[in-house]
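# Structural characterization, general
So you can see what is in the structure, the chains are spelled out below.
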Amino acid sequence: MSTEATLLARCESKCELCSSTSSLAPFAVAPQTLITVDYAAMLCDTCRTQVESPEDMDVNHWRCLNDSMWSQVPQVQVLAWRQLTHLSRKGETWANELLDMMYMEDETKNWAEIGMDEDEEKARDVNGVILQKGDDVTVIKDLPVKGSSTIIKQGTVVRGISLDADPRLISGKANGQSMYLIAEYCRKK
Ligand SMILES: [Zn+2]
């Protein structure tokens, strides 16, 4: 049987998170990138989109985790744990209660945490795009430079940025001056 057929049999042709039957596709659970029976979960369109950009989560959709968090499939547990953690950080107390009840093997818990930290520790611009060393960015609003009377004007281009240990900051040169900038006040060019 092909990987996809095995996955479809496992999930009984239903999304492994919300049981929807519409537009199912295999989804490799980060940091894994391969679609294999052990790394992928079968997800519907809605779940896939929101797993990829948890900022835009529709809170009510994720009530489905109430059931799917008890799945026997490790990667489904990983996805459920991560979504519940995002929800709990948004202040959803029910998600926090489910997290407390959730049981995962140590290995599965590690998987869940690794993939999540990777997302969190990256500098992101105003649109949530991940910034990388060497990128050029445009400053999106007038910003005072700390310790001087200079203002970096909106629209200033900072070329070849560097990243900082603090993911909220980037550094670079504009108008011949080195400076730190808040990542979310920039837009990647
Ligand atoms: Zn779904």
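Since the structure is predicted, the reported quantities are computational estimates derived from the model, not experimental observations. (Residues numbered from 1 in each chain as written. Predicted model: local features only at pLDDT ≥ 70, side-chain atom pairs only at ≥ 80, totals over all residues.)

### Considerations on the environment of Val 139
Inclusion rule: Numbered from the N terminus, helices here are DSSP runs of H or I no shorter than four residues, and strands are runs of E no shorter than two. Put plainly, a residue is buried at 20 or more neighbouring C-beta atoms within 10 Å of its own, exposed at 12 or fewer, and partly exposed in between, counting only other residues' C-beta atoms, which are placed from the backbone. Once C-beta atoms have been placed from the backbone, residue pairs whose C-beta atoms lie within 7 Å are recorded as contacts.
The topology assignment puts Val 139 in strand 3 (residues 137–139). Here Val 139 falls in the partly exposed class, since 19 other C-beta atoms lie within 10 Å of it. Separated by 17 residues in the primary sequence, Val 139 and Thr 156 have C-alpha atoms spaced 5.4 Å apart. Aside from chain neighbours lying at most four places away, what touches Val 139 is Ile 152, Gln 154, Gly 155, Thr 156, Val 158, Leu 181, Tyr 185 and Cys 186.

### Details of helix 4 (residues 74–89)
Stated precisely, the cut-off is as follows: To estimate the expected span of a helix, count its residues, drop one, and scale the result by 1.5 Å.
With 16 residues, helix 4 extends 22 Å between its outermost C-alpha atoms, agreeing within 8% with the 22 Å of an ideal straight helix rising 1.5 Å per residue. Taken residue by residue, helix 4 has Gln 75, Val 76, Gln 77, Val 78, Leu 79, Ala 80, Trp 81, Arg 82, Gln 83, Leu 84, His 86 and Leu 87 as its buried positions. Remark: Gly 91 follows helix 4 within two positions and exhibits a positive phi of approximately 95 degrees.

### Some points on the domain arrangement of the protein chain
Defined as follows: Domains are outlined according to an automatic or database domain assignment.
Looking at the assigned domains, one finds that the protein chain contains domain 1 (3–116) and domain 2 (137–188). Here domain 1 and domain 2 have C-alpha centroids that lie 37 Å from each other.

### What about the UniProt feature "domain: PhnA protein N-terminal proteobacterial" (unreviewed entry) in the protein chain?
Where we set the bar: UniProt positions are given in the numbering used here, feature names are shortened, and annotations may be inferred rather than shown by experiment.
As recorded in UniProt, the feature "domain: PhnA protein N-terminal proteobacterial" (unreviewed entry) lies at residues 6–52. As annotated, residues 6–52 comprises 30% helix and 17% strand, and the C-alpha atoms at either end are separated by 24 Å.

### A short note on the sheet that holds strand 8 (residues 177–182)
Strand pairing in a sheet relies on backbone hydrogen bonds, with the paired strands running either antiparallel or parallel. Selection criterion: Whether two strands pair depends on DSSP finding at least two bridges between them. Orientation is described by axes fitted as lines to C-alpha atoms, over the contacting stretch for helices, and by angles from 0 to 180 degrees between their N-to-C directions.
Judged by pairing direction, the sheet is antiparallel, and its 5 strands sit side by side in the order 8-7-6-3-9 without closing on themselves. The open sheet has two edge strands, strand 8 and strand 9 (186–188), and neither has a second partner. Each strand axis lies, on average, 40 degrees off the axis of its neighbour in the sheet, ignoring direction. The sheet contact formed by strand 3 and strand 6 (residues 157–163) spans 2 bridges and is antiparallel.

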